[in-house]
Amino acid sequence: MDFPILTYMTFIPLLGMIVVMFTRKESVQLIRWESAFFSFIPLVLSIVMLAKYNGSVPDFQFIEQHEWIPSIGISYFMGADGISVPMLFLTALLSFVSIVASFNIQERVKEYFAFFLLLETGMMGVFCALDFFLFYVFWEVMLVPMYFLIGVWGGPRKEYAAIKFFLYTLFGSVFMLVGILVLYFAVEPHTLNMLTLIEYNSTYTHAFQIVLFPLFFIAFAIKVPMWPFHTWLPDAHVEAPTAVSVILAGILLKMGLYGLLRIGYPMFPEAAVYYAIPIGVIAVIGIVYGALVSMAQKDLKKLVAYSSVSHMGFCVLGLAALSVTGFAGCVFQMFSHGCLTGAMFLLVGILYDRAHTREIAAFGGLGVKLPLYTGIFTLFAMGSLGLPGLSGFVSEFMIFIGAFGSSFVPTWMVVLAVLGVVLTAGYILRMVQRIFLGPFNTKWEGLTEINGREIFTLVPLGILTILVGVYPKPLVDIISATLENLIRVMGM
Amino acid sequence: MNLTLIIPEIFLFLWALLILFVDFFTAEEKKHRLGPLSLVGIVITVVLVVFSGQGQAFGEMFSADYYSLSFAIIFLGSAFLAICTSIDFARERIKHQGEYYALILLSTVGMMFLAASRELLSMYVSLELTTISLFVLSAYLKTDLKSSEAGLKYMILGAASSAILLYGISLLYGITGTTVLKGIQAELVGSAFPGPLLVISLVFIIAGFSFKLAAVPFHMWAPDVYEGAPTPITAYLSVASKGAGLAAMVRVFFGSLLPVTSEWIPLFMALATMTMVLGNIVAIRQSNIKRMLAYSSIAQVGYILVALSAASELATTSMILYLLVYMFANIGAFAVVIAFYNHSGTDEICEYAGLSRRSPFLAISLVIFFLSLVGIPPLAGFVGKYLLFLAAIQKGYYWLVGVAVLTSVISLFYYMNVVRQMYFRKPTKNDPVKVSWSLRLALVLSLIGVIAVGVYPDPFVSLISKAASVFVY
């Protein structure tokens, strides 16, 4: 038996939560370091996993399978392939970064870190689980700590934002639950093993796929969130504390796309083709709408939040293309957006901690006062904008190639999506200009430069952004075999 | 005649009498010790139930099988937890503590007989033993008007519903010529029924049982009774008395009426839909936590009825498992409510503000119980609901499961409303809520139950599926 690396990555944060819970409430500093420690181990493990992962074969690796509830066909089944490996690494990294970034939380520190570590367990589990029941358990487990993190440590409208997030996502999940229950009876002998269910995808009738696919699609679309299911996102993002926004944007949004790649598409390939056009339309609306709404925002955090809607639209377009390039672009964008938006939310939080406002119009000329902060901010802003040489460009470029060459996506959609890039450039440049350039607003004379701990949280994200932008081959090597196999499984 | 099979029931009955007897010789200030004494009796009974053999006694009337065993454990468990939560409450606010504990035990005896009964009349008598004890218990706070109202209301409606049930039973006897469930089944299989008389009798029987279960539209008594009754009795009522109704109902319908499923399944589906929708929606508006839990427990019955309509082995398994997990979560939630009431004398939800600062353990326990009631994994409530819905999907009741999952989402809102008060609001007082050993015991046991069944349900599922195989589907 090999070392069960996925189990350790998933449950070490849970162990950390228990340790934190048994630490005295007053030992704030100890709790912080415990949390950092228990989220650092999964990060180390995930790097080991990256090194050990064999990208040349499409099979699942690091597999663990044990009986769990055999009487109803449920097993504890974990494994990772080229889609989940980058996501697991991103989750471990962003969790660690967010926990370090949360060291400035002063209120109810113990509960905060306990919930945060529970959240990490849920996220890791989602990306490892290969049994539907297990997947659903982790999928739901995440909601609870998220609800508390927004509701206790959030902004002025936190109660509303927290319950809206919880209700919205639970509403989506129960559709998936019904789908899971139906799938259980779809094959003989009844099973919830995802791989078996994918293997049998050719036995599902057309009508069965057409009906079942939307059940999963709604659950995932709410999580992404795709237009028109996105309305929970601005509220949750704006009210959530900085580190929670990072996790929301960096990981949780990707789970919807991950779900489509892992479940929706391979299990219901005919439905994927059948719904390609509507999904493409949703994607394009998301891209353009998200960009236009971002442009109109006065609040910096809201702007970043809506830009996520737009960026996730690109991912969905890549999915709708139903080609290796499109899928690869989607996975790239998931990874790249995780780094970029995670960093953007951290930067917004850093500014807010000092200025206590996020109103774009209130700033101006900060570049003079905070040159280092401005430089870092601009780097990530350019990445979001899609500047060549940074990760955002690579992923969007792949998505466009994939969509353009695809017979499932009409050309006009790609044209509109490319237009979205122009809009993105518009709102990002305008934001950078209004905050950092122009005459210095003397009101901000007292602002202090970004500190060492904050730079520490941003450096790894910056390195990844540049690395993926300049030399994307390692990531391509990890994902390509899996995605080629995925297309084969779908019978494309 | 095989008397050894009913040793547990006889023992518990004698123990109730023993409590009454000891009560005579106990000084007033020491009477709270009768609570732990009753707990001892229950524990011994559990041992007796597990180790007494299986078989039939009194002709076809009494059957000790896995089915009666599972229910007996659930009833004894709820009685145990309810008595744990009663001890402080009774010491402070109740006169005649001896009778109080004895009545709880007597009603448990009735329930155990009920679950084991395979004949309509003995079933009816057991049901009366159960409910009459409960009438008295509901009215136990003599000086409290609401409690007296609760007792009276419960008694009048309970008696009326028993009469309806009895009328249904008499019609069924008229059709089949027997009150033994097996005999009824044999009669129904052979003949070319179902005539209108059978339908009428089924409607009466379902209506009678639905009163006991508090299924909509027969639920009107429940919120008032639940609010007025002493809170530990509310906890006991909402779990054990529903469980008793369910035990009898499943025994009657799966044990004798399976040949005519097409006559009653649509009725159950309609009841399930109404119960889930109304229970969950009305619960949103409640500002008193006992009333909220009353409506929530109505809604929970709706989910059980979903599986009852499925009429399969999986359905029976899921119902019994659900009752078990519902027992832990619901009595656990009531234990928190009782602890809070003992300390602050109020049941208003807004008074829970900031409880997470005052008593973190109580607050997090209530969160866990509520999340289990919503059905969030990995808590027991999720496994329970999962199986219930699985049974319904197996039979192709997609829309019914659709209603069930959507109303579960609605239920999140009112449970989280309490959580919001406890966690997101600032406390108005800062003194921690005192929790006595007995309440702590009830809380810890319930927490263990909710988490253990949720994380590793396999032993429970396989044991309970033995109970489900009592019937031939």
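Thresholds, definitions, all that
- Every chain's residues receive numbers from 1 upward, in the order its sequence appears when written.
- Note on labels: chains are lettered from A, ligands numbered from 1, in written order.
- Per-residue local features are limited, in this predicted model, to residues with pLDDT of at least 70; the limit for side-chain atom pairs, both in listing and counting, is 80 or more; totals at the level of whole chains, interfaces and linings are taken over all residues.
- For the purposes of this entry, the term helix denotes a DSSP run of H or I that reaches at least four residues, the term strand denotes a run of E that reaches at least two, and both are numbered from the N terminus.
- Each radius of gyration reported is based on C-alpha atoms, and the globular scaling rule is 2.2 Å times the count of residues to the power 0.38.
- Neighbour density around each residue's C-beta defines its exposure: 20 or more other C-beta atoms within 10 Å make it buried, 12 or fewer make it exposed, and counts between make it partly exposed, where C-beta atoms are placed from the backbone.
- Whether two residues are in contact is decided by their C-beta atoms, placed from the backbone, lying within 7 Å.
- To be clear, the arc concerns the directions from the helix axis to the C-beta atoms.
- Between any two strands, pairing holds if DSSP finds at least two bridges.
- We define a nonpolar core as a collection of buried residues of the types Ala, Val, Leu, Ile, Met, Phe, Trp, Tyr and Cys that are connected via C-beta atoms lying within 7 Å of each other.
- As a rule, the C-alpha atoms of each element are fitted with a line to give its axis, helices using only the stretch in contact, and angles between N-to-C directions run from 0 to 180 degrees.
- Each helix crossing is assigned a hand: it is left-handed if the near helix lies turned anticlockwise from the far helix by less than a right angle, otherwise right-handed if that turn is clockwise.
- Residues are sorted three ways: Asp, Glu, Lys and Arg are charged, Ala, Val, Leu, Ile, Met, Phe, Trp, Tyr, Cys and Pro are nonpolar, and all the rest, Gly among them, are polar.
- Each angle gets one of four labels, with under 35 degrees taken as roughly parallel, over 145 as roughly antiparallel, 65 to 115 as roughly perpendicular, and the rest as oblique.
- For every residue, the pLDDT score states the predictor's confidence, bounded by 0 at the bottom and 100 at the top.
- Expected span of a helix: the number of residues minus one, times 1.5 Å.

## Examining the overall build of chain A
Reasoning step 1: A count of helical and extended segments in chain A gives 21 helices and two strands.
Reasoning step 2: For 492 residues, the compact-globule estimate of 2.2 N^0.38 gives 23 Å, and chain A sits close to it at 21 Å.
Reasoning step 3: Along the three orthogonal principal directions, the C-alpha set of chain A runs to about 70 × 60 × 40 Å.
Reasoning step 4: Taking all 492 residues of chain A together, 60% fall into the buried category.
Reasoning step 5: For chain A, the share of sequence-separated contacts (at least 6 apart) that also reach a separation of at least 24 residues comes to 80%.

## Some words on the overall build of chain B
Reasoning step 1: Secondary structure assignment for chain B yields 19 helices and two strands.
Reasoning step 2: At 21 Å, chain B has a C-alpha radius of gyration in line with the 23 Å of a compact globule built from 473 residues.
Reasoning step 3: The principal-axis extents of the C-alpha atoms in chain B amount to approximately 70 × 55 × 40 Å.
Reasoning step 4: In chain B, which comprises 473 residues, the proportion classed as buried is 62%.

## A few points about the environment of A:G151
All names here are of chain A.
Reasoning step 1: As for its placement among the helices and strands, G151 is situated in helix α6 (residues 143-153).
Reasoning step 2: In this structure G151 comes out as buried when scored by C-beta crowding, with 23 C-beta atoms within 10 Å.
Reasoning step 3: The sequence separation of G151 and F103 amounts to 48 residues, and the corresponding C-alpha distance is 19 Å.

## Details of helix α7 (residues 181-190) of chain B
Residues and elements named next belong to chain B.
Reasoning step 1: Among all positions in α7, only L181, I184, Q185 and L188 are buried. Along the axis of α7, the buried positions cluster into a sector of 100°, meaning they face one direction only.
Reasoning step 2: Where α7 is buried, its residues contact α6 (145-176) and α10 (231-256).

## Here we look at the pairing of strand β1 (residues 61-69) of chain A
Within a regular strand, side chains alternate between the sheet's two faces.
Reasoning step 1: Pairing of β1(A) with strand β2 (residues 74-80) of chain A, which is carried by six bridges, proceeds in the antiparallel orientation. Within the sheet, the bridge partner assigned to A:E64 lies in β2(A) and is A:M78.

## Observations concerning the environment of B:L12
Reasoning step 1: Assignment of secondary structure puts B:L12 in helix α1 (residues 7-24).
Reasoning step 2: Beyond its immediate sequence surroundings of up to four residues, B:L12 is in contact with B:G41, B:T45, B:L105, B:T108 and B:V109.

## Points about the nonpolar core
Reasoning step 1: Ranked by size, the top nonpolar core spans 394 residues in total, and within it A:V316, B:A79, B:L105, B:V325, B:F370 and B:A392 carry the most contacts.
Reasoning step 2: At 22 residues, the largest contribution of residues to this core is made by helix α13 (residues 313-344) of chain B.

## Looking at the interface of chain A and chain B
Reasoning step 1: At the interface, 26 residues of chain A touch 25 residues of chain B.
Reasoning step 2: Among the elements of the structure, α5 (132-141), α6 and α7 (158-184) of chain A are those that each provide at least two residues to the side of chain A that touches chain B.

## A closer look at the packing of helix α12 (residues 289-310) of chain B against helix α16 (residues 380-394) of chain B
Geometrically, a packed helix pair is captured by the angle between its two axes and the distance between the axes.
Residues and elements named next belong to chain B.
Reasoning step 1: It is the contact of α12 with α16, at a shortest axis distance of 8 Å, that shows an interaxial angle of 35°. Remark: the crossing between α12 and α16 carries left-handed chirality. Taken together, the residues of α16 that come into contact with α12 (itself represented by Y303, I304, V306, A307 and A310) are K385, L388, A391, A392 and Q394.
Reasoning step 2: Partitioning the contact of α12 with α16 into residue classes produces eight nonpolar, one polar and one charged.

## Structural notes on the environment of A:I41
Reasoning step 1: With respect to the element layout, A:I41 can be found in helix α2 (residues 28-52).
Reasoning step 2: Expressed as a C-alpha distance, the spacing of A:I41 and A:I218, which sit 177 residues apart in the sequence, is 34 Å.

## A closer look at unusual backbone geometry
Reasoning step 1: Omega for the peptide link from A:W227 to A:P228 comes to 0°, which places this bond in the cis form.
Reasoning step 2: Tracing the sequence through the fold places A:P228 in the loop between α9 (206-223) and α10 (232-239).

## Some details on the packing of helix α3 (residues 84-101) of chain A against helix α11 (residues 242-267) of chain A
Residues and elements named next belong to chain A.
Reasoning step 1: Two elements in contact, α3 and α11, have axes separated by 8 Å at closest approach and are oriented at 165°. Judged by the angle between their axes, α3 and α11 are roughly antiparallel. The chirality of how α3 crosses α11 is left-handed. Within the contact between the two elements, α3 uses M87, L90, T91, L94, S98 and A101 and α11 uses T242, A243, V246, I247, G250, I251, K254 and Y258.
Reasoning step 2: By residue class, the composition of the contact of α3 with α11 is nine nonpolar, four polar and one charged.

## Things to note about the confidence of the model for chain B
Reasoning step 1: Summarising the model, chain B shows a mean pLDDT of 91, and 99% of its residues fall at 70 or more.
Reasoning step 2: The complex prediction reports pTM at 0.94, with the ipTM value standing at 0.93.

## Description of helix α18 (residues 437-455) of chain B
Residue and element names in this part refer to chain B.
Reasoning step 1: Here α18 is 19 residues long and its end C-alpha atoms lie 26 Å apart, about the 27 Å a rise of 1.5 Å per residue gives.
Reasoning step 2: Taken together, the buried positions of α18 are occupied by S438, L439, A442, L443, S446, L447, G449, V450, V453 and G454.
Reasoning step 3: Turning to α18, the residues buried within the fold contact α2 (34-51), α3 (66-93), α13, α15 (360-374), α16 and α19 (458-468).

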